[in-house]
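Summary of the model geometry
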Amino acid sequence: MNDIKTLFERPLPSARSGAFFNTFSYPTKISPESIAVYIAATTKPGETVLDTFGGSGSTGIAALLCENPTDCMKELAGELGIDPIWGPRNAIGYEIGTYGSFAAKTISNRLKASEFKKGVADFVEKEKEQLMYYYSALDSDGAIGIIRYIIWSEVLLCPHCGGEISFFERGTKRNPVKFEKKIICPHCKRKTSVDEMKFQTEEYIDGLTGKLTTRKKRLPAWVYGTTNGKNWDRPATTEDIQKAAAIEKEMEDLEDAPKEIQWGELHRNGYHFGISYLHQFYTPRNYLIMRKLWDDAETYTPKVKDALRLLLLSYNASHCTLMTRVVAKKNAKDFVLTGAQSGVLYISKLPVEKNIILGLERKSKPFYEAYKLLENCTVDFLVKNKSREAVDEKDNTIDFVFTDPPFGDFIPYAEVNQINELWLEKPTEREKEIIISASQNKGIGDYQAMLSKVFSEIKRVLKDSSYAAVVFHAAKAEIWTAFEDSVSKAGLNIELTNILDKKQASFKQVVSESSVQRDPLLLLSKGTQKVSVFENEEEIMERIILSMGDGNIFDERKAYSLYVNECLRKNIHVTYDAKDAYVLIRQLRKGVMDAALQG
C-alpha cells in the first residue's frame, strides 16, 4: 500500500501527444504511457489487467507497453517517485462501441511495422495513379497542379433584399484574417449581423438515394494547391465549380446503399440542415474518394487491410468531412486549417475539402511508430466488443482495473463515432450504451443502474487485495451522486484520490464555463466502506484555496476537481455543480485575499 500511496501523491500527467495519441482520435482518450506506469506499479509481470470501458484500447496498450517500457514511461515513473517492475502483463478490454473495439484490435494485432509501412506505400502509390486526377486543378499561371484543400462557403441571404451573399467573400478578411460579425450586402448595401442572416438552400437529385433533396447551398470559395512542389492559392473559378458538379454526377454510378445517420443530442437544425445520410457529411468528391479507398483496401492481407482501414478512419472523421474547418488566429496572414472539433459534429460556415490521399501519407507516420513499439510484445490483449454489465471472467481473477466510464451526459459516444462506424457497417447498439440521453430515454436513474452493474462486476472479478483505478469527470452534482452511489452499492470503497492532468483540454472542456479540465482519478478497493465524515463543503473549498496559494493565476477548474476529490475521499456527497462552485470559489478566494491584506 505504501507504493500506491506514493503513486497517488502527485497528479498523473497524460500528454495529448505521442505515437499512440496521434494515431487516431477518440473522445476523452488517455495516454497509454501514463496508464502503463500505474499498471507496472500496482501489478506483477504475468498478471492480468481489466478495462470495463475500453474505448480505443489505451489500458490494453498500456499493459503491452509494460513489457518494453519507453523512455517516456521510465521518466514519468521517476517523476512520480516510484520504481515499477517492468515486464509483460495480460489485458482484457470490454468496449460496446464498434469503432473503439476495432481500433483497439487493429493497433494491437502485432502487425510488423515494416509490413505496415510497405502496405501503406503500395496503397498510396496505387491510389495516386488511379484517383489523384480528381484533385487536379489549374494554378494561377494556368499550369496543372494538385489541390491540397478547398475552402467552401455557405451562401447567405440578405434579410432586406433577399440577395445571395457568399460568406467567404463578404464575411471574412485575409492578411490579417478576420471573421466579420456584420456583412454589407453587395446588392442593397445594407449592413446586417451575420447571426441574423439565414442560409440559402438548393434542391438537387441525391446520387445515392435517387431522391429530390434539399440542402444548404455551398460553393467552392478558395483553392489551395501545389505545382511541382510549389504551393499556391487562388479564388475558386467557374471551372472549379463545374468540376465539383461533374464529380457529383458520378455519385449516381456508385453501387453503395445510403447509410442513415441516427441523430440524438448532437443534432442542430442550423448546421445539420439537409444531412440525413452518411454521404451528406462529405463533399461528393471526398465521399467518392473515401468509398474507392475503402474498397481498395480489401485487396490486402487481413492485418494490413484492417490497418489501412483504421488509417482511413483515423483521417476520416477529423479531416475528410464537412466538419473540417479553418480558424482565424490573431494577426495571421491567412486562415489556419484544422480538423473537426472533438466530441461534437459541428459544421462551420466555411467547411474544408482536403486532399485525402495526401493526408494519408502524413497520417501513417505515428501508426508506424505505434506498430514498432508493440510488434515484439509476447502477451495478450483480448478485446471484447460487448456489454460490460456481465463480464466473462471468473470471480477473483483480475489483478488490477484501470477504466474510464462515460461521464453521464458529457459525450454521446455512439452518435459521435457513427461517422466511422457506418463505414464498418456496424453502429454501436445504443440501448447498451451507459450514458444519460434524452434521445435514448435514459435518465440519471438508468445511468446509475447500468453503472452499478459494471462496478458490481468489477468487485466480483477483482482479487481481494487488488485495486481498481477509475477516471471520472463531471460538472454536475447529480452525476457525482450517481457515481458515488454506484460505487458504494457495488461494495467498493474509495481508498485514495488523485488527479489525471491532461496537458491539453478537449473542445468541450475549453468552451464550457462549467467544465472541469483535470479529471479526478480514484482508487477503489474491496475494503470496508468508510463512515461519512461530516465537514462543511465551504470549509473544504476554503482549505483548497489556501493550499493553491495567492498567485495571479488561479485555476478554478483545478480547485473544483480537488474539492470533488476531498469529498469522495471522506465519503461526503458532492452537492455543488461546477458552475455554482466557481461562483462560491471566487467569493471565498476574495475573502481569503482580503483577510490576508488586513492581516
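Treat the numbers as computed from the prediction; the structure is a model and nothing was measured.

1. Points about the overall build of the protein
- From N to C terminus, the protein includes 19 helices and 23 strands.
- The C-alpha atoms of the protein give 26 Å as radius of gyration, which agrees with the globular expectation for 599 residues (25 Å, within 12%).
- By principal-axis analysis of the C-alpha atoms, the protein measures approximately 75 × 65 × 45 Å.
- With 599 residues in all, the protein has 57% of them scored as buried.
- Look at the contacts in the protein between residues 6 or more apart in sequence, and 76% of them connect residues 24 or more apart.
- Total accessible area computed for the protein in this model is approximately 25,900 Å², and 49% of it derives from carbon and sulfur atoms.

2. Some remarks on helix 3 (residues 32-42)
- For helix 3, the buried fraction is high: 9 of the 11 residues fall into the buried class.
- Residues of helix 3 that are buried: P32, E33, S34, I35, A36, V37, Y38, I39 and A40.

3. A short note on the side chain of D404
- Structurally, the position occupied by D404 is in the loop between strand 20 (398-403) and helix 13 (413-424).
- Judged by relative accessible area, which is 14%, D404 ranks as buried.
- Leave out the neighbours within four places in its chain, and D404 touches T28, I30, D51, F53 and V471.

4. Some words on empty space enclosed by the protein
- One pass over the structure, following the stated rule, counts 5 cavities of 30 Å³ or more.
- Roughly 330 Å³ of internal volume is contained in the largest cavity.
- Contributing to the lining of the largest cavity are 30 residues, with Y26, F53, G55, E95 and D404 lying nearest its centre.
- At the level of elements, helix 4 (58-65), strand 20 and helix 13 are the ones that each hand at least two residues to the lining of the largest cavity.

5. Section: the packing of helix 6 (residues 98-107) against helix 13
- Direction vectors running N to C along helix 6 and helix 13 enclose 70°, while the axes themselves pass 8 Å from each other. Considering their axes alone, helix 6 and helix 13 lie roughly perpendicular with respect to each other. Together, T98, Y99 and F102 of helix 6 and N417, N420, E421 and L424 of helix 13 make up the contact between the two elements.

What counts, and where the lines are drawn
- Residues numbered from 1 in each chain as written.
- Predicted model: local features only at pLDDT ≥ 70, side-chain atom pairs only at ≥ 80, totals over all residues.
- Heavy atoms only, no water.
- Helix = DSSP H or I, 4+ residues; strand = E, 2+ residues; numbered from the N terminus.
- Rg over C-alpha atoms; globule rule 2.2 N^0.38 Å.
- Buried < 20%, exposed > 50% of the residue type's maximum accessible area, 1.4 Å probe, protein only.
- Contact = heavy atoms within 4.5 Å.
- Areas by Shrake-Rupley, 256 points an atom, 1.4 Å probe, with all protein chains shown as cover.
- 1 Å grid on protein atoms, 1.4 Å probe; cavity = no way out; pocket = protein on both sides within 12 Å on 5 of 7 lines; lining within 4 Å.
- Points joined across faces, edges and corners; volume = space filled by probe spheres on them.
- Axes fitted to C-alpha atoms, helices over the stretch in contact; angles between N-to-C directions.
- Parallel < 35°, antiparallel > 145°, perpendicular 65-115°, else oblique.

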